[in-house]
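Working through the structure, step by step
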Amino acid sequence: MSDLENIKTIIRLFVREQLRYPKLLFGMLFTHPFAILFLRFLPALIIADILNRLSKQDFTKGDLWGSFGHNMLLAIALEAFGGIVLWRIVIYFNYKLEANVVRDLNRKVFNHLMRLSPSFHANHFGGSLVSQTSKLTGAYIRFTDSTVFQVLGVVWSLLFTSILLIHKAPVFVVLLVVFTVFYMSCAMLITRKVRRLNAEEAEASNDQTGQLADAVTNVMAIKGFAAGKMESDRFDDVSETARKATIKVMWATLKVESAFGTIGVSINALSLILATASIVMFHADIAVVFLMLNYAGDILTRLWDFSTQALRNYNRAFGDAQAMTEILAIEPEIKDPLHPEKSHIKQGAIAFKDVDFTHPDSRQGDTLFANLNLSIKPSEKIGLVGHSGSGKTTLTRLLLRFSDIDGGHILIDGQDITSITQDDLRRSIAYVPQEPLLFHRSIRENIAYGKPDATEAEIKLAAEKAYASEFIDKLPKGYDTLVGERGVKLSGGQRQRVVIARAILKDAPILVLDEATSALDSESEKLIQAALWQLMKGRTAIVIAHRLSTIQKMDRIIVLDQGEILEEGTHHSLLQHKGTYAKLWAHQSGGFLEEDAS
């Protein structure tokens with residue numbers, strides 16, 4: 001996407017969000033010109049009339065108030081009304097509009113990120129996404145403030161100047177309009193390089209934030225491997241890159257501002273010389289000259305603000321907003337149907353029919369599943385076994401629609417999972433991942449995440465069934481204990497038991513356990529096994545395990561190898577078959593499947 005197309009996309013995004021609040025937007029746009037008119041232009045007209053009368057001696061000597069009092073009061077009143085009343089109304093509309101749009105942008109980004117696939121999040125720093133979101137909302141504020149208080153100021157000032165002086169000084173008005181258009185056009189062209197450098201600075205800043213978030217999240221690994229110096233050097237590099245990007249923006253900005261400053265000073269000097277010459281040499285009307293100087297000075301000030309502040313804010317805003325705007329344009333890989341069916345999942349019968357799937361990151365033609373067929377009866381307990389890369393976890397991800405298949409169908413209770421919403425599908429599945437992830441919230445909130453309206457008694461019962469209550473009750477704050485980011489304040493086994501309690505409380509017809517006991521010690525595992533068997537009663541269960549001892553009692557064990565089903569049967573029948581499963585069982589060490597025995 002070109003630079004111009006990026007800018008158009010960003011502006012469309014901002015304006016579209018603003019148009020959701022027409023009363024605030026158009027209220028601000030309607031009030032704004034009147035505020036400028038009353039604050040800057042009408043008082044100057046009155047002052048010009050006073051100067052004209054003074055130059056012509058058209059006043060009563062010794063009676064200052066009688067001659068000019070009413071005019072001065074009117075000028076002060078107009079300026080006060082414009083500056084105190086109307087301008088405050090403009091600010092009110094603008095601030096309220098900004099608050100609403102910033103909230104909506106945050107919601108929009110949050111909801112969009114939640115819809116994007118796990119593969120997207122696997123390839124992006126969480127910290128960078130947070131930074132890009134903040135930059136987007138900050139960019140909107142810069143864009144709006146610069147447009148309202150600087151760009152529109154130039155437009156209205158030029159329009160009022162033209163209306164008030166076109167009959168008195170037509171040549172001046174024409175020259176002023178031409179100069180303003182020329183100046184603003186040149187300013188936008190000259191600052192294109194600054195805009196590009198701002199985008200590079202924003203990217204470097206996002207990388208720096210991402211590296212910081214990555215290091216903070218993995219601080220214990222850094223300490224454990226005594227890698228503080230290495231990580232510090234790594235962060236020094238990205239922070240230095242960000243600093244250099246900022247310095248480049250600074251130098252480019254200074255060059256541009258110097259050029260515009262020279263032009264502005266030159267025009268001011270020329271205006272003063274022409275004004276003085278007009279009065280001295282051509283006996284021009286002093287009131288008209290005053291208005292020319294006053295209005296031209298106002299426009300030049302606004303042009304200076306436009307070139308040094310507004311354009312700088314625009315360049316930074318477009319640079320800051322670019323990354324997240326591009327992300328907002330990404331279509332989610334996994335989409336709900338336009339007209340979803342009502343979910344009929346109750347029993348939990350699962351069928352994979354002629355399923356084809358290739359990992360997006362794999363080499364071309366490197367298919368994992370080809371015409372895979374697998375049927376699981378309601379309430380049947382299935383164990384999945386195989387070396388890393390055999391397709392165990394991928395099978396469960398496809399069932400949960402974390403990824404979509406390339407061909408075939410996946411049915412639950414005869415209903416294609418793509419015909420219902422993802423939320424309806426996942427409400428019917430209790431998923432316990434290999435890595436137990438918790439929110440930085442209380443233990444109570446984490447357990448209740450599977451059933452937000454659960455009672456205190458239900459939460460505690462689920463914790464007891466998961467054998468989590470025995471450590472929760474010993475904590476000073478019990479169920480109100482905050483677990484820390486990703487649950488770092490709890491041990492791996494404690495985190496896993498909280499996650500299992502969450503699954504127990506969810507009470508879904510299908511249960512998927514991906515190495516659910518991997519983080520438990522032997523004693524805890526024995527306790528959890530009993531709880532899991534209680535949990536699996538009356539439910540369809542798919543259990544992935546490298547500890548083969550955890551799946552001995554499954555109704556059926558399926559052995560996968562490179563996406564193919566090699567064997568299936570009970571633990572005893574597979575041992576008697578003396579095939580791959582029997583070899584895996586024989587190769588176990590301490591109850592674990594050796595990963596390098598492929």
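The structure we're discussing is the one just above.
Okay, so let's go over this structure. (Residues numbered from 1 in each chain as written. Predicted model: local features only at pLDDT ≥ 70, side-chain atom pairs only at ≥ 80, totals over all residues. Heavy atoms only, no water.)

1. Some thoughts on the sheet that holds strand β3 (residues 381–385)
Sheet architecture is open: six strands sit in the order β6-β7-β8-β3-β9-β10, paired in mixed fashion. This sheet does not close on itself; its edge strands, each paired only once, are β6 (429–432) and β10 (564–569). Geometrically, the sheet is characterised by an average inter-axis angle of 15° between neighbouring strands, direction not taken into account. Taken together, the five bridges between strand β7 (residues 510–514) and strand β8 (residues 540–544) define a ladder with parallel strand orientation. Across the sheet, the residue bridging to V512 is I542, located in β8. Its contacts with the sheet place helix α11 (residues 392–399) against β3, β6, β7, β8 and β9 (556–561), and it is angled at close to 145° to β8. In this fold helix α16 (residues 492–506) packs onto β6 and β7, with an angle of close to 175° to the strand it touches most, β6. (Pairing = 2+ DSSP bridges. Helix = DSSP H or I, 4+ residues; strand = E, 2+ residues; numbered from the N terminus. Axes fitted to C-alpha atoms, helices over the stretch in contact; angles between N-to-C directions. Contact = heavy atoms within 4.5 Å.)

2. What to know about the pattern of salt bridges
Counted by the stated rule, this structure contains 21 salt bridges. A salt bridge links R20 to E17, with the nearest nitrogen and oxygen atoms 3.4 Å apart. The exposure class assigned to R20 is exposed, which follows from its relative accessible area of 52%. Salt bridges here are not isolated pairs; linked through shared partners, they connect E17, R20, R103, D104 and K108. (Salt bridge = Lys/Arg side-chain N within 4 Å of Asp/Glu carboxyl O. Buried < 20%, exposed > 50% of the residue type's maximum accessible area, 1.4 Å probe, protein only.)

3. A word on the nonpolar core
In this structure, F14, L97, L136 and L303 are the most contacted members of the largest nonpolar core, which totals 68 residues. Every element with two or more residues in this core is listed here: α1 (3–18), α2 (22–55), α3 (64–115), α5 (126–165), α6 (170–190) and α10 (286–328). With 18 residues, the single largest contributor to this core is α10. Leave out the neighbours within four places in its chain, and L303 touches V154, F179, T180, Y183 and M184. Counting 43 residues, the second largest nonpolar core, distinct from the first, contains L438, I504, V543 and L548. (Core = buried A, V, L, I, M, F, W, Y, C linked by side-chain atoms within 4.5 Å.)

4. What to know about the sheet that holds strand β2 (residues 369–376)
Read from one edge of the open sheet, four strands run β2-β1-β4-β5, paired in antiparallel fashion. Where the open sheet ends on each side, the last strands, each with one partner, are β2 and β5 (415–416). Where strand β1 (residues 350–357) and strand β4 (residues 407–412) come together, five bridges link them in antiparallel fashion. Paired with A351 across the strands is L411, a residue of β4.

5. Things to note about the pairing of β10
Judged from the five bridges that link them, β9 and β10 form a sheet pairing that is antiparallel. Directly across from L560, in β10, lies its bridge partner I565. Between β9 and β10, which pair antiparallel and follow one another directly, the connecting turn spans two residues, one of which, Q562, has a positive phi of 50°.

6. Section: the packing of α1 against α5
Two numbers describe how α1 lies on α5: the axes approach to 11 Å, and their chain directions differ by 80°. Between α1 and α5, the interaxial angle falls into the category roughly perpendicular. On the side of α1, the interface is formed by I11, L13, F14 and Q18, while α5 contributes L136, A139, Y140, F143 and T144. When grouped by side-chain class, the residues that make up the contact of α1 with α5 number seven nonpolar, two polar and no charged. (Parallel < 35°, antiparallel > 145°, perpendicular 65-115°, else oblique. Nonpolar A, V, L, I, M, F, W, Y, C, P; charged D, E, K, R; others polar.)

7. Some points on the packing of aromatic side chains
Per the counting criterion, the structure on display carries 14 aromatic pairs. Their ring planes at 55° and their centres at 5.3 Å tell us that F30 and F34 sit as a pair that is tilted. Placement of both F30 and F34 in helix α2 is noted, with a separation of four residues, approximately one turn of the helix. Here the aromatic rings of W156 and F160 are separated by 6.1 Å at their centres, their planes lie at 20°, and the arrangement is stacked. You can see W156 and its partner F160 sitting in helix α5, four residues apart, about one turn around the helix. (Phe/Tyr/Trp six-rings, centres within 6.5 Å; stacked < 30°, edge-to-face > 60°.)

8. Side note on a nonpolar patch on the surface
Taken together, the side chains of V15, L19, F26 and L29 present a nonpolar region at the surface, about 320 Å² in accessible area. As for its position among the elements, V15 is in helix α1. (Patch = residues over 30% accessible without salt bridge, like charges linked within 9 Å, V, L, I, M, F, W, Y side chains within 5 Å. Areas by Shrake-Rupley, 256 points an atom, 1.4 Å probe, with all protein chains shown as cover.)

9. Things to note about α16
The end-to-end C-alpha distance of α16, which contains 15 residues, comes to 21 Å, matching closely the 21 Å that a straight helix rising 1.5 Å per residue would cover. The buried fraction of α16 is high, at 12 of 15 residues. Within the span of α16, buried status applies to G493, R495, Q496, R497, V498, V499, I500, A501, R502, A503, I504 and L505. Positive backbone phi, approximately 55°, marks D507, located one or two places after α16. (Expected span 1.5 Å × (residues − 1).)

10. What about unusual backbone geometry?
The residue Y467 is not glycine, and still its phi comes out positive at about 55°. With respect to the helices, strands and loops of the structure, Y467 is situated in the loop between α14 (456–465) and α15 (469–472). Residue Y467 is classed as partly exposed on the basis of its relative accessible area, which comes to 28%. Phi angles above zero are rare outside glycine, and K578 is one such case at about 55°. Position of K578 among the secondary structure elements: in the loop between α18 (571–577) and α19 (580–586).

11. Describing the packing of α5 against α6
Each pair of packed helices can be summarised by the angle the axes make with each other and by the distance between the axes. Closest axis-to-axis distance for the α5/α6 pair is 9 Å, and the angle between their directions is 165°. Between α5 and α6, the crossing angle belongs to the class labelled roughly antiparallel. Of the two elements, α5 crosses α6, and the hand of that crossing is left-handed. Note on element contacts: α6 touches α5 through P170, F172, V173, L176, V177, T180 and M184, opposite V154, L158, T161, S162 and L165. A breakdown of the residues in the contact of α5 with α6 according to their chemical character gives nine nonpolar, three polar and no charged. (Left-handed = near helix turned anticlockwise from the far one by under 90°.)

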